[in-house]
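Residue strings, one per chain:
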Amino acid sequence: MVGAPLTRRTRKRSRPSRIDSVLGYAALGWPSVPGAYPLREGARACSCDRLGCPDPGAHPLSPAWQLQATTDTAQLTRWWSLEPEANVILPTGRVFDVFDVPVTTGLTALSRIDGAQAHSGPVAANGDRVLFYVATRGNPDDEDEWWSCHLDCDPATIDDTPGLRWHCRDSYVLAPPSLLPSGQSVSWLRPPDGRPLPDPLRVLEFLAD
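Quick caveat: nothing in here was measured; it's all calculated off a predicted structure. All residue numbers refer to positions counted from 1 along the written sequence of the respective chain. Local features in this predicted model are restricted to residues whose pLDDT is 70 or higher, and side-chain atom pairs enter the listing and the counts only when it is 80 or higher, whereas totals over whole chains, interfaces and linings include all residues. Excluding hydrogens and water, the side-chain values take into account all heavy atoms of the structure.

What to know about the overall build of the chain
The condition that has to hold: Each helix is a run of H or I in the DSSP string that is no shorter than four residues. Each strand is a run of E no shorter than two, and both are numbered from the N terminus. Relative accessibility under 20% of the residue-type maximum defines a buried residue, over 50% an exposed one, and the middle range a partly exposed one, all with a 1.4 Å probe and only protein chains included. We call two residues in contact when some of their heavy atoms are within 4.5 Å. Accessibility throughout is a Shrake-Rupley quantity obtained with a 1.4 Å probe, and a residue counts as covered only by protein chains that appear here.
Secondary structure summary: the chain contains seven helices and eight strands in total. Counting the 209 residues in the chain, one finds 43% classified as buried. For the chain, the proportion of contacts with a sequence separation of at least 24, taken over those separated by at least 6, is 75%. Of the accessible surface of the chain, which amounts to about 11,500 Å², a share of 52% is contributed by carbon and sulfur atoms.

Description of a nonpolar patch on the surface
We count it as follows: Only residues whose relative accessible area exceeds 30% and that form no salt bridge enter a patch; like-charged residues are grouped when within 9 Å of one another, and nonpolar side chains (Val, Leu, Ile, Met, Phe, Trp, Tyr) when within 5 Å. Any carboxyl oxygen of Asp or Glu that lies within 4 Å of a side-chain nitrogen of Lys or Arg is treated as forming a salt bridge with it.
A surface patch of nonpolar side chains, about 210 Å² in accessible area, is lined by Val103, Leu107 and Leu189. Along the chain, leucine 107 falls in helix H5 (residues 103-115).

Considering helix H7 (residues 200-208)
Turn by turn, an α-helix covers 3.6 residues, leaving residues three or four places apart pointing in a common direction. Which entries qualify depends on this criterion: Think of the arc as the fan of directions from the helix axis to the C-beta atoms. Counting of polar contacts relies on pairs of N or O atoms within 3.5 Å, with two restrictions inside protein: one atom must be capable of donating a hydrogen and the other of accepting it, and residues adjacent in sequence are counted only when both atoms are side-chain atoms.
The complete set of buried residues in H7 reads Pro200, Val203, Leu204, Phe206 and Leu207. Summarising the axial view, the buried residues of H7 lie within an arc of 160 degrees, below the 170-degree limit, and thus occupy one face. The inward-facing, buried residues of H7 contact strand E3 (96-102), H5, strand E5 (129-135) and strand E6 (165-167). N-cap assignment for H7: the residue whose side-chain oxygen lies 2.9 Å from the backbone N of leucine 201 is aspartate 199.

Thoughts on the sheet that holds strand E8 (residues 187-190)
As a reminder, the rule being used: Whether two strands pair comes down to DSSP finding at least two bridges between them. Helix axes use the C-alpha atoms of the stretch in contact, all axes being lines fitted to C-alpha atoms, and the angles between their N-to-C directions lie in the range 0 to 180 degrees.
Ordered in space as E6-E3-E5-E4-E8, the five strands form an open sheet in which the pairing is antiparallel. A strand with exactly one partner marks an edge of an open sheet, and here the two such strands are E6 and E8. Neighbour-to-neighbour, the strand axes of this sheet turn through a mean angle of 30 degrees, independent of strand direction. With four bridges connecting them, strand E4 (residues 123-126) and E5 associate as antiparallel partners. Bridge pairing links valine 123 to phenylalanine 132 in E5.

Regarding the side chain of threonine 70
The topology assignment puts threonine 70 in the loop between helix H3 (65-68) and helix H4 (73-82). Of the polar contacts made by the side chain of threonine 70, one reaches the backbone nitrogen of aspartate 72; its length is 2.9 Å. Ignoring any residue separated from it by four or fewer positions in sequence, one finds threonine 70 in contact with Trp30, Pro31, Ser32, Gln75, Leu76 and Trp79.

Details of the side chain of serine 21
You can see serine 21 is positioned in helix H2 (residues 18-27). Classification of serine 21 as buried rests on a relative accessible area of 12%.

Some thoughts on the pattern of salt bridges
Counted under the stated rule, the structure contains five salt bridges. A salt bridge links arginine 195 to aspartate 193, with the shortest nitrogen-to-oxygen separation between them at 2.9 Å. Residue arginine 195 is classed as partly exposed on the basis of its relative accessible area of 48%.

Here is the structure:
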C-alpha cells in the first residue's frame, strides 16, 4: 500500500519533459521550434490566438518557424523556459523526411520490417497516425523530374491526403512528447538510436505493400 503511490510518482517523474526531449533532438542534429498546445479548458481549443484553429496544438507558434528552427541549446532553453507547455515541432526535409500513415498501416508495416530484419528507423505514434523517420531527399539533382508528387505534404493541406503523407521540404511534424487534444501524447514506438536513418524508398516498399 505504501509503495504504490511512490511507484506512480516515480513513473510520472520519468516521463520526459519538453525541454529534455528538445535538447535530445538538438544533440542528434535535429532542429526544432516551439508549437502551440491544446487547451484543456475554456472556449478555445488551441493556445494560439486564432479563433476556431483548424489544427489545435499541432502547428508552430510563429509563422517564421522555418527561419527560427534551430539546434542552439541556449535558444531552445529560452523558448521552453518561456513556454514550458509548448509542443515540439520538427521541420522535415532537412535532416529527415517523415512518412505519415494510418495506424493500422503503420503497425502492419512495422511488423513486416521486423520480420525482414530491416531497419525501421525512428517511429512515432501520433494519435491515429504512425510516423516513420527516414533519410531526407533534400534537394536532389533530378528535382524537376521527381520532386513534386501527390505524396508530398504541405502542412496546410494534409487533410487532402488521408492515406500516406510524405513530409519533406517545407513541412513539419509534431514530435514526442507533444500533447494532443485527446489528452494523449505523441510517443516513440522506436526512439532514435543514433544509427543512420533508413533509405526512404526502402521503407516506402513496406508501406506500399
